[in-house]
Amino acid sequence: MKSTSDSVPAVRLVNNPDGTSNFEIGKIPTLKQMNTNAFWISTTTEEWEKEVHTAPRKQYVVTLKGKIRFKVSNGSTFHIEPGIILLAEDVEGEGHSWEIEEGEQWERLYIPIADNADDFFIQDSE
């Protein structure tokens, strides 16, 4: 996944109708005004984040430092690192898990997606 002048690579966590989680590979166009009103930075990991969990809200997660391996319900995995945006939209069902693959700390920026707002995600064609 590479950035271009008109998009940034992204992975979206989603819920399946049966309650399991999955992911989609795609991109987010650049220079789009996103409907958000807050953000925060985290460098710590809460206990609940170490287990399988759902996203607490629909949000962009922008990695500043670290390489993280995510795992969804069927055991499939993907990596997130600086330059790849995660859209955490699996707010119900089984959820996902993650672990740090490189580095000792995951530095990330959380940007909640406003209710009913477009996430601007464009899924790659298969």
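Within every chain, residues take consecutive numbers counted from 1 along the sequence as written. This being a predicted model, a pLDDT of at least 70 is required before a residue's local features are given, and a value of 80 or more before pairs of side-chain atoms are given or counted; all residues contribute to the totals for chains, interfaces and linings. The basis for every side-chain value is the complete set of non-hydrogen atoms in the structure, without hydrogens or water.

## Notes on the layout of surface pockets
Step number 1: Cavity and pocket criteria rest on a 1 Å grid covering protein atoms alone: a 1.4 Å probe that fits but cannot get out defines a cavity, protein on both sides within 12 Å along at least 5 of 7 lines defines an open pocket, and an atom within 4 Å of a point defines a lining residue. Grid points are joined across faces, edges and corners, and a volume is the space filled by probe spheres set on the points. The space that makes up the largest pocket amounts to roughly 250 Å³.
Step number 2: Contributing to the lining of the largest pocket are 21 residues, with W48, E49, Q59, R108 and Y110 lying nearest its centre.
Step number 3: For the lining of the largest pocket, the secondary structure elements donating two or more residues are strand 3 (40–42), strand 4 (59–71), strand 6 (85–88) and strand 7 (97–112).
Step number 4: Elements are defined by DSSP. Helices are runs of H or I of four residues or more, strands are runs of E of two residues or more, and each kind is numbered from the N terminus. With four residues, the top contributor of residues to the lining of the largest pocket is strand 7.

## Observations regarding the pairing of strand 4
Step number 1: Strand pairing follows a simple DSSP-based rule, namely that at least 2 bridges must link the two strands. Sheet topology places strand 4 next to strand 6; four bridges connect them, and they run antiparallel. Directly across from V62, in strand 6, lies its bridge partner I85.
Step number 2: Sheet topology places strand 4 next to strand 5 (residues 77–80); four bridges connect them, and they run antiparallel. Looking at strand 5, one finds that K71 is bridged to T77.
Step number 3: Connecting strand 4 to the next strand, strand 5, in antiparallel fashion are five residues, including G75 with a positive phi near 90 degrees.

## With respect to the side chain of D119
Step number 1: You can see D119 is positioned in the loop between strand 7 and strand 8 (122–123).
Step number 2: Think of a polar contact as two N or O atoms within 3.5 Å of one another; within protein, one of them needs to be a possible hydrogen donor and the other a possible acceptor, and neighboring residues in sequence only count if both atoms come from side chains. Looking at D119, its side chain comes within polar contact range of the side chain of R12, at 2.9 Å.
Step number 3: At a separation of 2.9 Å, a polar atom in the side chain of D119 contacts the main-chain amide nitrogen of F121.

## Section: the pattern of salt bridges
Step number 1: Counted as salt bridges are all cases of a side-chain nitrogen of Lys or Arg within 4 Å of a carboxyl oxygen of Asp or Glu. All chains considered together, the criterion is met by five salt bridges.
Step number 2: For K67, the salt bridge goes to E81, with nearest N and O atoms at 3.9 Å. Taken together, the positions of K67 in strand 4 and E81 in the loop between strand 5 and strand 6 put the pair 14 residues apart, joining distant regions of the chain.
Step number 3: Via salt bridges that share partners, R12, E24 and D119 belong to a single interconnected network.

## Some details on unusual backbone geometry
Step number 1: Notably, L31 is not glycine yet its phi reads approximately 60 degrees, a positive angle.
Step number 2: By secondary structure assignment, the location of L31 is in the loop between strand 2 (21–29) and strand 3.
Step number 3: Exposure categories follow from relative accessible area, calculated using a 1.4 Å probe and restricted to protein chains: below 20% of the type maximum is buried, above 50% is exposed, and the middle band is partly exposed. Residue class for L31 comes out exposed when judged on its relative accessible area of 89%.
Step number 4: The phi torsion at F120 lies on the positive side, around 65 degrees, for a residue other than glycine.
Step number 5: Here F120 shows up in the loop between strand 7 and strand 8.

## Some points on the nonpolar core
Step number 1: Counting residues in each nonpolar core, the largest one holds 16 residues, and the members touching the most others are L13, F70, F78, I80 and L86.
Step number 2: Secondary-structure elements contributing two or more residues to this core are strand 1 (7–15), strand 4, strand 5, strand 6 and strand 7.
Step number 3: Among residues more than four places away in sequence, those in contact with I80 are V11, T63, G66, K67, I68, F70, I85 and L86. For this analysis, a nonpolar core means a set of buried residues of the types Ala, Val, Leu, Ile, Met, Phe, Trp, Tyr and Cys, connected via side-chain atoms within 4.5 Å. What makes two residues a contact is simply this: any of their non-hydrogen atoms within 4.5 Å.

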